[in-house]
Amino acid sequence: MNSIKIFKGYDRLPNPNNENHPSTTATTHKPSPRNRLIAAAISVTLLLTLTLAALILALIYESTTEPPDSPAESLTAVCSVTPHPTLCFNSINNNNNNNDSSLALTDPELIFALSLKVSFNELKNLASLPQTLISKTNDARSESALGDCGSLFSDAAGQLGNSVKAVEVGPGEKVLDEVKIGDLNAWISAAMTCEETCLDGLEEVGSTVVGEVRERVQRSKEYLSNSLAILANIQTLLHKFHLALH
C-alpha cells in the first residue's frame, strides 16, 4: 500500500531538471487597464493623423490639378471613359453645330448632350432599315420579324427622343440632376434592349438578313453605349473639370 501511495504522488514531485516548471516560474503580468487605454488612445491618434494627412494631400492634388484647357483635350477626356473613344471623339466633333463650339466641347454635360444627339440620329437612320429589307425579301417569316424590328426601332427612337428633350433646357434650368440621370439611364438602356430584341427575333426565324441588320444595330449600340458610359461617369468627369451638376 505504501508503494501505491508513493507512485500516486510521483507526478506531483518537482522535476529538478526542469527549471521552467509551472511551480517555479514567475507569474506573467498582464497590462493594466490604464496601460491598455493609453495604447488604444495612441492608435486612434495615429489613425486620425494619417486620415487627416491623406485628406490634405487630396485637397492639394485637386487644387493643383488643372482641368482640360482646350475643346480637343476636354472631348478626349470625356470620351476616354467610353468603350469606343475614337468613335466618340470623331462623331461628336464632326456633328457639333453649336454656335459656341468652344463652350459645348469644354463642358462634360454639353458633351453628353451632343453624344445623345449623335445616338438619336443614328437610331433614326436605323429605323428605316426594316422596311427597306422587307421590300427586298420573299420570306414571310423574315418579313414578320422585320415588321417587329420596325416597331422596336420606333420605340427605341422614342426613348432617345425623350432623352434629347430632357437635356435641352432653358436659362436657369439644370442640364442634369439626380432624377434626370436616372430617367436618362432607363431610356438609353431601353433603346438598347429594343435593338437586342429585334436581333433575337430575326435569329429565331433564321432570317437571311439578320447579318445586315446586326451590322447596323452594332453601330447604333456603340453610339448608345458611349452615351451611357458618359452618363455613368458624369460626376467623376465634372469633378475632373472642377464643376458640379448644373
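The written sequence of each chain sets the order in which its residues are numbered from 1. Where totals are concerned, whole chains, interfaces and linings use all residues; where local detail is concerned, this predicted model gives features only for residues with pLDDT of at least 70, and gives and counts side-chain atom pairs only at 80 or more. Note: side-chain values were computed over all heavy atoms of the structure, leaving out hydrogens and water.

**A short note on the pattern of salt bridges**
For clarity, the cut-off: Salt-bridge detection follows one rule: a side-chain nitrogen of Lys or Arg within 4 Å of a carboxyl oxygen of Asp or Glu. Helix and strand assignments follow DSSP, with helices taken as H or I runs no shorter than four residues and strands as E runs no shorter than two, numbered in order from the N terminus. Partly exposed residues are those whose accessible area sits between 20% and 50% of the maximum for their type, while under 20% is buried and over 50% is exposed, using a 1.4 Å probe and protein chains only.
Applying the stated rule across the entire model yields 2 salt bridges. Between Glu196 and Lys221 there is a salt bridge, and its shortest N-O distance comes to 2.1 Å. Of the two residues, Glu196 sits in helix α9 (residues 178-204) while Lys221 sits in helix α10 (residues 210-232), which places them 25 residues apart along the sequence. A relative accessible area of 18% means that Lys221 is categorised as buried. Residue Glu203 is joined to Arg214 by a salt bridge in which the shortest nitrogen-to-oxygen separation is 2.2 Å. Of this pair, Glu203 sits in helix α9 while Arg214 sits in helix α10, and the two are 11 residues apart along the sequence. Residue classification places Glu203 among the partly exposed residues on the basis of a relative accessible area of 41%. What makes Arg214 partly exposed here is its relative accessible area of 34%.

**Structural notes on empty space enclosed by the protein**
Note the following rule: Residues are said to line a cavity or pocket when one of their atoms sits within 4 Å of a point; the points come from a 1 Å grid over protein atoms alone, cavities being sets where a 1.4 Å probe fits but cannot get out and pockets being open sets with protein on both sides within 12 Å along at least five of seven lines. Grid points are joined across faces, edges and corners, and a volume is the space filled by probe spheres set on the points.
Within the structure shown, the criterion is met by 1 cavity of 30 Å³ or more. Here the largest cavity defines a volume of roughly 30 Å³. Every residue lining the largest cavity is listed: Cys88, Ser91, Ile92, Ser115, Val118, Ser119, Tyr223 and Asn226. Secondary structure elements with two or more residues in the lining of the largest cavity: α4 (85-94), α6 (108-127) and α10.

**Some words on unusual backbone geometry**
Here the phi dihedral of His242 falls at roughly 60°; this positive angle occurs in a residue that is not glycine. Position of His242 among the secondary structure elements: in the segment after α11 (234-240). By relative accessible area, which is 40% here, His242 ends up partly exposed.

**With respect to the confidence of the model for the protein**
Do not read the predicted coordinates in detail wherever pLDDT is low. Using the following cut-off: Values of pLDDT, which run from 0 to 100, indicate the predictor's confidence residue by residue. Residue contacts are defined here by distance: any two heavy atoms, one from each residue, within 4.5 Å place the two residues in contact.
Summary statistics for the protein give a mean pLDDT of 83 and a share of 74% for residues scoring 70 or more. When the criterion is pLDDT under 50, residues 1-16 qualifies, and its contacts beyond four places in sequence or with other chains add up to 0 contacts. The low-confidence segment residues 18-27 (pLDDT under 50) makes 4 contacts with residues lying over four places distant or belonging to another chain.

**Looking at helix α8 (residues 140-167)**
Stated formally: Residue count minus one, scaled by 1.5 Å, sets the expected span of a helix. Residues adjacent in sequence count toward polar contacts only when both atoms are side-chain atoms; beyond that, a polar contact is any pair of N or O atoms within 3.5 Å, and within protein one must be able to donate a hydrogen and the other to accept it.
If you check α8, its first and last C-alpha atoms are 41 Å apart, about what 28 residues at 1.5 Å a residue would give, namely 40 Å. Structurally, the start of α8 carries an N-cap: the backbone nitrogen of Arg141 is 3.1 Å from a side-chain oxygen of Asp139.

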